[in-house]
Amino acid sequence: GDQVEQSPSALSLHEGTGSALRCNFTTTMRAVQWFRKNSRGSLINLFYLASGTKENGRLKSAFDSKERYSTLHIRDAQLEDSGTYFCAAEASMGYKLTFGTGTSLLVDP
Amino acid sequence: EAAVTQSPRNKVAVTGGKVTLSCNQTNNHNNMYWYRQDTGHGLRLIHYSYGAGSTEKGDIPDGYKASRPSQENFSLILELATPSQTSVYFCASGDPGQGAEVFFGKGTRLTVV
């Protein structure tokens, strides 16, 4: 079946620094969505992309359907960015979202 | 603002008991989903629905049933709960493929003892 490989599984950043999360797809996906699970356990929508890039504050995401990957860049990380980040890919056929296994991000002072 | 409401938010059940998790959406989305989230597995799809009256098996349907009596409501039913079903369950609604995001509820933490 469709597979989504998310990396890294865990990431530690100092405040003010940045990094990137990546999801690779084993098949062509129609769109990708990124979420953050916050400390209260809620899933927060970050981005939905069918192509190209989107930016929102200190977050930027890119999706390349042909090359089968998506990235989420975090810059100037803040303590409140800590949490688990998930990508979810939308299959080209049907209505299924396939999730990555998540990246646990810890931002420390 | 899209809204997906799950109830209960927390539940402790006994092994062999029946558990019903409820989900309500006010987005008028056709598609609704039930996922469980476990460390190391991401979110895994249990059941989903294309609209009122329909239910479809996801990737891990064994031990679960679903019911979609209306556009707004989608329930997940554990007829005989087992400790392996201890998890956090998320309901979602959305219309993927229509250029639309999927929206999630806040989750239900289920513990089966």
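On a predicted model such as this, the values are computed, not experimentally measured, just so you know.

1. Regarding the sheet that holds strand β8 (residues 69-74) of chain A
Residues and elements named next belong to chain A. If you walk across this open sheet you meet the five strands as β1-β3-β8-β7-β6, and the pairing is antiparallel. The sheet terminates laterally at β1 (4-7) and β6 (52-56), the two strands that pair on one side only. Ignoring which end each strand starts from, the neighbouring axes of this sheet average 15 degrees apart. Where strand β3 (residues 19-25) and β8 come together, six bridges link them in antiparallel fashion. Note on β8: the bridge partner recorded for N24 is Y69.

2. Considering the sheet that holds strand β1 (residues 4-7) of chain B
Residues and elements named next belong to chain B. One open sheet accounts for four strands, arranged β1-β3-β8-β7; its pairing is antiparallel. Looking along the sheet, the strands with just one partner apiece sit at the ends: β1 and β7 (65-67). Shown here is a sheet whose adjacent strand axes are inclined to one another by a mean of 20 degrees, direction ignored. Looking at chain direction, strand β3 (residues 19-25) and strand β8 (residues 75-78) are connected through three bridges and run antiparallel. Of the residues in β8, the one forming a bridge with T20 is I77.

3. So, the nonpolar core
In a soluble, globular protein the nonpolar side chains are often hidden away together inside. Residues and elements named next belong to chain A. Core analysis: the largest hydrophobic core is formed by 22 residues, its most contacted members being F25, W34 and L72. When residues of this core are traced back to their parent elements, those giving at least two are β2 (10-14), β3, β4 (29-37), β5 (43-49), β7 (59-64), β8, β9 (83-91) and β11 (103-108). Those residues in contact with F25 that sit more than four places away from it in its chain are Q3, V4, V32, F63, R68, Y69, S70 and A89.

4. Details of the interface of chain B and chain A
Tallying the contact residues gives 22 residues for chain B and 18 residues for chain A. Counting each side, the surface lost to burial between chain B and chain A is near 1,800 Å², with a carbon and sulfur contribution of 58%. Across the contact surface, chain B and chain A share zero salt bridges. Summed over the shared surface of chain B and chain A, the number is three residue pairs in polar contact (both at pLDDT 80 or more). Of all the secondary-structure elements, those providing two or more residues to the side of chain B that touches chain A are β4 (31-38), β5 (42-49) and β10 (102-104) of chain B. Residue contributions to the side of chain B that touches chain A peak at four residues, all from β4 of chain B. Of the residues that constitute the side of chain B that touches chain A, the class distribution is eleven nonpolar, seven polar and four charged.

5. Quick word on unusual backbone geometry
With an omega dihedral of -10 degrees, the bond running from S7 of chain A to P8 of chain A counts as a cis peptide bond. Take P8 of chain A: it is sitting in the loop between β1 and β2. Of note, the amide linkage connecting S7 of chain B to P8 of chain B takes the cis form, showing an omega dihedral of -10 degrees. Residue placement: P8 of chain B occurs in the loop between β1 and β2 (10-13). One non-glycine residue with positive phi stands out, namely R68 of chain A, at about 60 degrees. Within the fold, R68 of chain A resides in the loop between β7 and β8.

Scoring rules and cut-offs
- Residues numbered from 1 in each chain as written.
- Chains lettered and ligands numbered in written order.
- Predicted model: local features only at pLDDT ≥ 70, side-chain atom pairs only at ≥ 80, totals over all residues.
- Heavy atoms only, no water.
- Pairing = 2+ DSSP bridges.
- Helix = DSSP H or I, 4+ residues; strand = E, 2+ residues; numbered from the N terminus.
- Axes fitted to C-alpha atoms, helices over the stretch in contact; angles between N-to-C directions.
- Core = buried A, V, L, I, M, F, W, Y, C linked by side-chain atoms within 4.5 Å.
- Buried < 20%, exposed > 50% of the residue type's maximum accessible area, 1.4 Å probe, protein only.
- Contact = heavy atoms within 4.5 Å.
- Buried area = accessible area lost by both parts, 1.4 Å probe.
- Salt bridge = Lys/Arg side-chain N within 4 Å of Asp/Glu carboxyl O.
- Polar contact = N/O pair within 3.5 Å; in protein donor to acceptor, adjacent residues only side chain to side chain.
- Nonpolar A, V, L, I, M, F, W, Y, C, P; charged D, E, K, R; others polar.

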